[in-house]
Amino acid sequence: MTDPPDPYHTIIEPFKIKTIEPIRLTSREERHTILRQARYNMFNIHARDILIDFLTDSGTAAMSSEQWAAIMRGDNAYAGSDSFYRFETEVKSLTGYQYIIPTHQGRAAEHILFSILGGPGKIIPNNTHFDTTRANIEVSGAQARDLVIPEGKHPKERHPFKGNMDLSKLEHLLQTAKPDQVPLCMMTITNNSGGGQPVSMQNIRETSELCHRYGVLFFLDACRFAENAYFIKLRERGYQNHSPSDIAHEMFRLSDGCTMSAKKDGLVNIGGFLGLQDEGLAQQARNLLILTEGFPTYGGLAGRDLEAIAQGLREVLDEHYLKYRIRSVEYLAEHLIRIGYPLVEPPGGHAVYIDARALLPHIPPTQFPGQALCTALYEYGGIRTVEIGNAMFGYLKDGQEIPSDMDLVRLAIPRRAYTQSHIDYVIEVAERVFQARRTFQGFKVIRQAPILRHFTMEFEPVYRIYETRL
Ligand SMILES: Cc1ncc(COP(=O)(O)O)c(C=O)c1O
């Protein structure tokens, strides 16, 4: 059951601050120089030169006093530590899985899973694969397929569960696949690469039933399971009086396993796990774990990290926390829309995505409008964001730039790290940036790597005189 309704409208941060980390104000001139020295790549800027860091919500959460206390209890024994058993008990009670395998982060769990179930000729569907998931599938020789509903691909189309799987496309794939060609189907909750959009319980249930009818395992990519559970409570009929914890239990119990990056809804700075129901799979996974991560009772983590995850998983399902979390993302989105920013709507659980291509129509996709917006947000206010567009997904073919489908800029909000006034400051900066948008220039690439180029790419502005009618 949930708490009675609150008599007040203001949704406050449901915590007070015990430890602080100073952030540094720089001048616009300094930031101009820093940008030039960083070759206009946000990943090259030192964190000490950032005022508000919205680069990612992964591993950037503030931990609670209970988590720090748990860290002190950490038992770092190589084998059979108490911390592992506390972690295992917590994850089992949340997920209902029999076998819990700790890993140093989400992609390590993915690597182990797809090393066992992937391989040449296999096809692995998902609503939308996150980039490390896709990469781990492809490295195994298998094919990764994205089958999100059509609404999930249109930034402006409003749908309460834009992360849902397209069940008819999935059924078609399962019907036409060769026997054992689809060993498992993944479902990413919330759908990060699709704008942090949630998946409904009905869709999780129907996907699970469909997979099981065809003898295919159904796995969750559960990084943001608590945010997804809260969206179900808010938006899905029949769940208003369920607690986020009950909803999370129901989601996990519809699946055969999960990969988890605890750096998101585990509320920790490092860690993850692979959860499994099948003993044979667990045995194979543990063998691989020993090879790359460590002994099965620590799996690439210290005992103290396991303690922090166990505590974080309890705290993240607190309804007051989730209400504040989802509302603060929504609040930022509402103000950006009021200013005039075109966004992916409705906003997701962990981030706001601006459609930079629509905002800056005078900058062609080949000149990186997303990059232009990231640069402006930093220069005007010291805000670091990330381009999810042509730098990340475009590529070179025969010396020609082949642009990505969209040029988005993501403002990912770290959990429990910033307050309302930080968000209000971001809104004020965004207002100035919006007013100046017609003066922004595009960029050209001066250096890039052949794969995952966005991390190390170097840029130079393309100076041109803009037409006044823009
Ligand atoms: C949906 C999703 N899956 C997997 C991962 C990979 O997790 P990690 O960064 O812990 O390896 C991420 C990280 O951002 C993610 O968002």
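Read on for an overview of the structure.

1. Section: the packing of aromatic side chains
Two numbers describe a pair of aromatic rings. These are the distance of the centres and the angle of the planes.
Here's step 1: Here the structure, examined in full by the defined rule, presents 16 aromatic pairs.
Here's step 2: For the ring pair Tyr78 and Phe295, a centre distance of 5.8 Å and an interplane angle of 40 degrees mean the geometry is tilted. Here Tyr78 is found in the loop between helix 2 (65-73) and helix 3 (82-95), whereas its partner Phe295 is found in the loop between helix 10 (279-292) and helix 11 (303-315), with 217 residues between them in sequence.
Here's step 3: Residue Tyr78 is classed as exposed on the basis of its relative accessible area, which comes to 54%.
Here's step 4: Measuring from centroid to centroid gives 5.2 Å for Phe84 and Tyr85, while their planes differ by 75 degrees, and the two rings are edge-to-face.

2. Here we look at the packing of helix 14 (residues 369-381) against helix 16 (residues 420-435)
Here's step 1: With their axes 9 Å apart at the nearest point, helix 14 and helix 16 run at an angle of 115 degrees to one another. Classified by chirality, the crossing of helix 16 by helix 14 is right-handed. Touching Leu373, Ala376, Leu377, Tyr380 and Gly381 of helix 14 are Tyr425, Val429, Ala430, Arg432 and Val433, all from helix 16.
Here's step 2: Here the contact of helix 14 with helix 16 is composed, by residue class, of eight nonpolar, one polar and one charged.

3. Observations regarding the nonpolar core
Nonpolar side chains tend to gather and get buried jointly when the protein is soluble and globular.
Here's step 1: Leu220, Phe225 and Met251 are the most contacted members of the largest nonpolar core, which has 59 residues in total.
Here's step 2: For Leu220, the residues in contact, after removing those within four places along its chain, are Tyr97, Met186, Met187, Ile189, Met251, Phe252, Ser255, Gly257, Cys258 and Thr259.
Here's step 3: Counting residues in each nonpolar core, the second largest holds 49 residues, with Ile45, Ile363, Ala376 and Ala430 among its members.

4. Looking at the sheet that holds strand 6 (residues 217-221)
Here's step 1: Pairing in this open sheet of five strands is mixed, and the strands run 2-8-7-6-5 from one edge to the other. The open sheet has two edge strands, strand 2 (99-103) and strand 5 (184-188), and neither has a second partner. Pairs of neighbouring strands in the sheet enclose a mean axial angle of 15 degrees, with direction left out of account.

5. Quick word on the site of the ligand
Here's step 1: The immediate surroundings of the ligand are formed by 14 residues, with Arg107, Asn192, Asp221, Ser261 and Lys264 found nearest.
Here's step 2: Within the side chain of Gln105, a nitrogen or oxygen atom sits 2.9 Å from an oxygen atom of the ligand.
Here's step 3: In this structure, an oxygen atom belonging to the ligand sits 2.7 Å away from a side-chain N or O atom of Ser261.
Here's step 4: Contact with the protein chains covers 96% of the free accessible surface of the ligand, which is 390 Å².
Here's step 5: Looking at the shell around the ligand element by element, the count peaks at three residues for helix 4 (residues 106-117).

6. Quick look at the pairing of strand 5
Walk down a regular strand and you will see the side chains alternate between the two sheet faces.
Here's step 1: Across the five residues of strand 5, five count as buried, placing the element largely inside the fold.
Here's step 2: Residues of strand 5 alternate between two faces, with Leu184, Met186 and Thr188 on one and Cys185 and Met187 on the opposite face, all of them buried.
Here's step 3: The sheet contact formed by strand 5 and strand 6 spans five bridges and is parallel. Bridge assignment links Cys185 to a residue of strand 6, and that residue is Phe218.

7. Structural notes on helix 6 (residues 167-176)
Here's step 1: Those residues of helix 6 that sit buried are Leu170, Leu173 and Leu174. Along helix 6, the residues classed as buried sweep out an arc of 95 degrees about the axis, all on the same side. Opposite the packed face of helix 6, turned more than 90 degrees from it, sit the exposed residues Ser168, Gln175 and Thr176.
Here's step 2: Residues of helix 6 that are buried make contact with strand 3 (123-126), strand 4 (143-146), strand 5 and helix 7 (201-213).

8. Brief notes about the sheet that holds strand 14 (residues 408-412)
Here's step 1: Ordered in space as 9-14-11, the three strands form an open sheet in which the pairing is antiparallel. The sheet is open, and its two edges are formed by strand 9 (351-355) and strand 11 (386-388), each paired on a single side. For this sheet the average axis-to-axis angle between neighbouring strands, irrespective of direction, equals 30 degrees.
Here's step 2: Two elements, strand 11 and strand 14, share three bridges in a ladder whose sense is antiparallel. Directly across from Ile388, in strand 14, lies its bridge partner Leu408.
Here's step 3: Lying over the sheet, helix 12 (residues 319-339) contacts strand 9 and strand 14, oriented at roughly 20 degrees with respect to strand 9.

9. Quick word on empty space enclosed by the protein
Left-over empty space is what a probe sized like a water molecule reveals as it rolls over the atoms.
Here's step 1: One pass over the structure, following the stated rule, counts one cavity of 30 Å³ or more.
Here's step 2: Put simply, the largest cavity is a space of about 80 Å³.
Here's step 3: As for the largest cavity, its lining consists of Tyr40, Asn41, Met42, Phe43, Gln371, Val386, Glu387, Ala391, His454, Met457 and Phe459.
Here's step 4: Its residues assigned to classes, the lining of the largest cavity comprises seven nonpolar, three polar and one charged.

10. Remarks on the packing of helix 3 against helix 11
Here's step 1: The contact between helix 3 and helix 11 brings their axes to 8 Å, and the two run at 25 degrees. With respect to helix 11, the element helix 3 is oriented roughly parallel. Where helix 3 crosses over helix 11, the handedness of that crossing is left-handed. Every residue of helix 11 that contacts helix 3 at Ser83, Phe84, Arg86, Phe87, Glu90, Val91 and Leu94 is listed here: Gly303, Leu306, Glu307, Ile309, Ala310, Leu313 and Arg314.
Here's step 2: Considered class by class, the residues forming the contact of helix 3 with helix 11 number eight nonpolar, two polar and four charged.

11. Some words on the state of the cysteines
Here's step 1: Inspection of the entire model under this criterion finds zero disulfides.
Here's step 2: Sulfur of Cys185: no disulfide; nearest cysteine sulfur belongs to Cys211 and is 3.9 Å away.

Conventions adopted
- Residues numbered from 1 in each chain as written.
- Predicted model: local features only at pLDDT ≥ 70, side-chain atom pairs only at ≥ 80, totals over all residues.
- Heavy atoms only, no water.
- Phe/Tyr/Trp six-rings, centres within 6.5 Å; stacked < 30°, edge-to-face > 60°.
- Helix = DSSP H or I, 4+ residues; strand = E, 2+ residues; numbered from the N terminus.
- Buried < 20%, exposed > 50% of the residue type's maximum accessible area, 1.4 Å probe, protein only.
- Axes fitted to C-alpha atoms, helices over the stretch in contact; angles between N-to-C directions.
- Left-handed = near helix turned anticlockwise from the far one by under 90°.
- Contact = heavy atoms within 4.5 Å.
- Nonpolar A, V, L, I, M, F, W, Y, C, P; charged D, E, K, R; others polar.
- Core = buried A, V, L, I, M, F, W, Y, C linked by side-chain atoms within 4.5 Å.
- Pairing = 2+ DSSP bridges.
- Near = heavy atom within 4 Å.
- Polar contact = N/O pair within 3.5 Å; in protein donor to acceptor, adjacent residues only side chain to side chain.
- Areas by Shrake-Rupley, 256 points an atom, 1.4 Å probe, with all protein chains shown as cover.
- Arc of directions from axis to C-beta.
- 1 Å grid on protein atoms, 1.4 Å probe; cavity = no way out; pocket = protein on both sides within 12 Å on 5 of 7 lines; lining within 4 Å.
- Points joined across faces, edges and corners; volume = space filled by probe spheres on them.
- Parallel < 35°, antiparallel > 145°, perpendicular 65-115°, else oblique.
- Disulfide = S-S within 2.5 Å.

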